[in-house]
Amino acid sequence: MSVDNASQPIKPLRIAVLVSGSGSNLQVLINAMQAGALPIEIVGVISNREDAYALTRAKDANIPVAVLSHVAKGKRMGIKTFETHANEQLIAWQPDLIVLAGFMRVLSGSFIDNVPAPMINLHPSLLPVYKGLDTHKRVIQAGERCHGCSIHKVTAELDAGQVLTQAVLNVDINDTVESLQSRVQKLEHQLLPWTILLLAKNVLPLEANNTSSQIQTYLPKLPLQLLIDG
Ligand code: GAR
């Protein structure tokens with residue numbers, strides 16, 4: 001993809017989104033795509049749950065979906081089978097970028113190494129702290145004053161790939177797990193489109209070894225942080 005300049009419109013980034021739940025982050029991307037506010041085309045959505053509301057959002061927007069439910073007719077789909085089908089589907093859609101937006105299955109190293117496009121994950125903590133699950137609860141229990149969300153490259157080690165961007169908030173003394181989750185989600189809804197815009201414009205590096213871009217010479221050290229206190 002070429003670097004944007006004033007006279008040349010940038011080619012839409014083809015995005016595949018993996019989801020497991022409500023899909024509020026997917027909805028933000030759908031809205032931005034439909035409004036022409038982001039140079040993206042969502043080429044497909046994969047869900048590992050057939051009851052994920054994200055599927056309704058995708059179908060309402062006429063986006064192709066693939067349901068690779070990990071429990072179908074009482075039978076569990078093993079991660080290997082899931083990954084084989086997911087990889088075939090991704091190859092068919094030919095995305096430039098794969099976005100894990102609330103995708104809750106742990107993927108294997110061999111799947112991650114062989115997917116047909118770079119993959120990023122949205123995680124509800126200020127990585128590298130609070131990897132894994134129940135981040136809001138653990139942040140409150142630890143009495144942290146700062147919290148937020150991160151977008152990082154997906155690597156074989158869980159939640160450990162290079163962090164590209166973060167959005168930060170101050171934890172309020174009265175925050176509960178629910179209030180913190182809701183406040184962090186509001187940040188996510190700004191961080192995800194902002195990050196994808198930076199990727200689409202080639203400001204942030206998509207490829208593992210893409211460190212030579214002229215623009216990156218002028219970037220501050222990663223992660224870029226959005227300071228929003230909502
Ligand atoms: C988001 O808050 C995201 O940070 C979290 O799931 C939620 C999905 O919300 N992801 C993880 O916990 C990944 N480890 P959504 O379905 O409404 O977009």
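Just so it is clear, the model here is predicted, and its values are computed rather than measured. (Residues numbered from 1 in each chain as written. Predicted model: local features only at pLDDT ≥ 70, side-chain atom pairs only at ≥ 80, totals over all residues. Heavy atoms only, no water.)

J.: Break down the site of the ligand for me, with residues and values.
T.: In the vicinity of the ligand, the residues found are G21, S22, G23, S24, N25, G102, M104, L122, H123, P124, Q185 and E188. Side-chain polar atom of N25 to an oxygen atom of the ligand: 2.8 Å apart, as the coordinates give it. E188 places a polar side-chain atom, nitrogen or oxygen, 2.5 Å from an oxygen atom of the ligand. Considering the ligand on its own, with 450 Å² of exposed area, one finds that the protein chains cover 86% of that surface. Going through the elements one at a time, α1 (24-34), β7 (119-123) and α6 (177-200) are the ones with two or more residues in the shell around the ligand. (Near = heavy atom within 4 Å. Polar contact = N/O pair within 3.5 Å; in protein donor to acceptor, adjacent residues only side chain to side chain. Areas by Shrake-Rupley, 256 points an atom, 1.4 Å probe, with all protein chains shown as cover. Helix = DSSP H or I, 4+ residues; strand = E, 2+ residues; numbered from the N terminus.)

J.: Would you mind going over the packing of α1 against α6 in detail, with residue names and values included?
T.: Close contact between α1 and α6 brings their axes to 9 Å; oriented N to C, the two are set at 45 degrees. Comparing the axis directions of α1 and α6 gives the class oblique. Judged by the twist between their axes, the crossing of α1 over α6 is right-handed. Residue-level inspection shows S24, N25, V28 and L29 of α1 in contact with α6, the latter providing Q185, E188, H189, L192, P193 and I196. (Axes fitted to C-alpha atoms, helices over the stretch in contact; angles between N-to-C directions. Parallel < 35°, antiparallel > 145°, perpendicular 65-115°, else oblique. Left-handed = near helix turned anticlockwise from the far one by under 90°. Contact = heavy atoms within 4.5 Å.)

J.: Describe helix α3 (residues 79-93), with residues and values.
T.: In a regular helix each residue adds 1.5 Å, so 15 residues correspond to 21 Å; α3 covers 21 Å between its end C-alpha atoms and thus fits that length. F82, E83, A86, N87, L90 and W93 are the residues of α3 that are buried. For α3, the buried positions fall inside an angular range of 125 degrees around the axis, keeping them on one side. Exposed side chains of α3 directed beyond 90 degrees from the buried face belong to K80 and A92. Each element contacted by the buried residues of α3 is listed here: β1 (13-19), β2 (40-47), β3 (65-67), β6 (97-100) and α4 (109-114). Looking one or two residues past α3, Q94 carries a phi angle of roughly 50 degrees, positive in sign. (Expected span 1.5 Å × (residues − 1). Buried < 20%, exposed > 50% of the residue type's maximum accessible area, 1.4 Å probe, protein only. Arc of directions from axis to C-beta.)

J.: Describe the sheet that holds strand β8 (residues 146-153), with residues and values.
T.: Spatial ordering of the open sheet is given by β3-β2-β1-β6-β7-β8-β9-β10, a layout of 8 strands whose pairing is mixed. Every interior strand has two partners, whereas the edge strands, β3 and β10 (224-227), have only one. Across the sheet, the mean angle from the axis of one strand to that of its neighbour is 20 degrees, orientation sign disregarded. Sheet strands in contact with helix α2 (residues 53-60) are β1, β2 and β3, and its direction is about 155 degrees off that of β3. Across the sheet, α6 lies against β1, β2, β6, β7, β8, β9 (163-170) and β10, angled at about 150 degrees from β9, the strand it touches most. (Pairing = 2+ DSSP bridges.)

J.: Describe α2, and please don't skip the residues or the numbers.
T.: Listed as buried for α2 are A54, L55, R57 and A58. Relative to the axis of α2, the buried residues are bounded by an arc of 160 degrees and lie together on one face. Exposed side chains of α2 directed beyond 90 degrees from the buried face belong to K59 and D60. The inward-facing, buried residues of α2 abut β1, α1, β2 and β3. One or two steps after α2, the chain reaches N62, where phi turns positive at roughly 60 degrees.

J.: Can you tell me about the side chain of S125, naming the residues and giving the values?
T.: Structurally, S125 can be placed in the loop between β7 and α5 (135-141). A polar atom in the side chain of S125 sits 2.9 Å from the backbone oxygen of Y130. In contact with S125, other than residues within four places in its own chain, are Y130, T135, H147, G148, C149 and S150.

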